[in-house]
Amino acid sequence: MGESYMVICSACQHRFRVTSGPGMRFLVFHCDTCGRDKGIGFDDFGAEFTRLPEGIGPYSLERERDQESPVELRPERARIRQHVEDTAGGCPCGGAFRLDAIARCPDCGSDRYVNDPNAEQILYD
């Protein structure tokens, strides 16, 4: 399940929306340089992605989740992760969209922010 919520940048106080986590039929990437987000539907990753090997789910391809996977599946997870990140492509800023990249303030580029206490969190499938 993914989420979308408003945050306040700790460096410049700018309010902006952060979107993270997968939906039922798409993955969310962030640029590894500017933090911009991009959603891509599972269908855009090709037929191979719809037939993932048992034990490798489309919702948990981040590197941090590798430790939860059996050792023998980790090379295949890395190959699939590379495929989806290659499909996500480059960002207009010159960076690349990655599963493990974090959101950044669009004004100052900081990756330090706090949840806006006056805004609602949105959960999506």
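Up top is the structure these notes are about.
Here the structure is a predicted model, which means the values were calculated and not measured.

Engineer: It is not clear to me how the nonpolar core should be interpreted in this structure. Could you clarify?
Structural biologist: Core analysis: the largest hydrophobic core is formed by 17 residues, its most contacted members being Leu 27, Phe 29, Phe 45, Phe 49, Leu 61 and Val 84. Where this core is concerned, the elements lending two or more residues are strand 3 (26–31) and helix 2 (74–88).

Engineer: Help me out: how do you make sense of the sheet that holds strand 3 in this one?
Structural biologist: In a beta sheet, neighbouring strands are held together by backbone hydrogen bonds and run either parallel or antiparallel to one another. Ordered by their spatial adjacency, three strands build an open sheet running 4-3-5, and the pairing between neighbours is antiparallel. On the outer flanks of this sheet lie strand 4 (37–41) and strand 5 (97–98), each paired with one strand and no other. Here strand 3 pairs with strand 5 via two bridges, running antiparallel. Within strand 5, the position partnered with Cys 31 by the bridge is Phe 97.

Engineer: Sorry, what's going on with the packing of aromatic side chains here?
Structural biologist: What describes a pair of aromatic rings is the distance from one ring centre to the other and the angle between the planes of the rings. In total, this model carries three aromatic pairs according to the counting rule given. Both rings, one in Phe 26 and one in Tyr 124, keep their centres 5.5 Å apart while their planes meet at 20 degrees; by these two values the pair is stacked. Placement of the pair is Phe 26 in strand 3 and Tyr 124 in strand 7 (residues 122–124), with a sequence separation of 98 residues. With a centroid separation of 6.2 Å and an interplanar angle of 55 degrees, the aromatic rings of Phe 29 and Phe 45 are classed as tilted. One end of the pair, Phe 29, is in strand 3; the other, Phe 45, is in the loop between strand 4 and helix 1 (47–50), with 16 residues separating them in the sequence. Overall, the relative accessible area of 2% leaves Phe 45 in the buried class.

Rules used in this analysis
- Residues numbered from 1 in each chain as written.
- Predicted model: local features only at pLDDT ≥ 70, side-chain atom pairs only at ≥ 80, totals over all residues.
- Heavy atoms only, no water.
- Core = buried A, V, L, I, M, F, W, Y, C linked by side-chain atoms within 4.5 Å.
- Buried < 20%, exposed > 50% of the residue type's maximum accessible area, 1.4 Å probe, protein only.
- Helix = DSSP H or I, 4+ residues; strand = E, 2+ residues; numbered from the N terminus.
- Pairing = 2+ DSSP bridges.
- Phe/Tyr/Trp six-rings, centres within 6.5 Å; stacked < 30°, edge-to-face > 60°.

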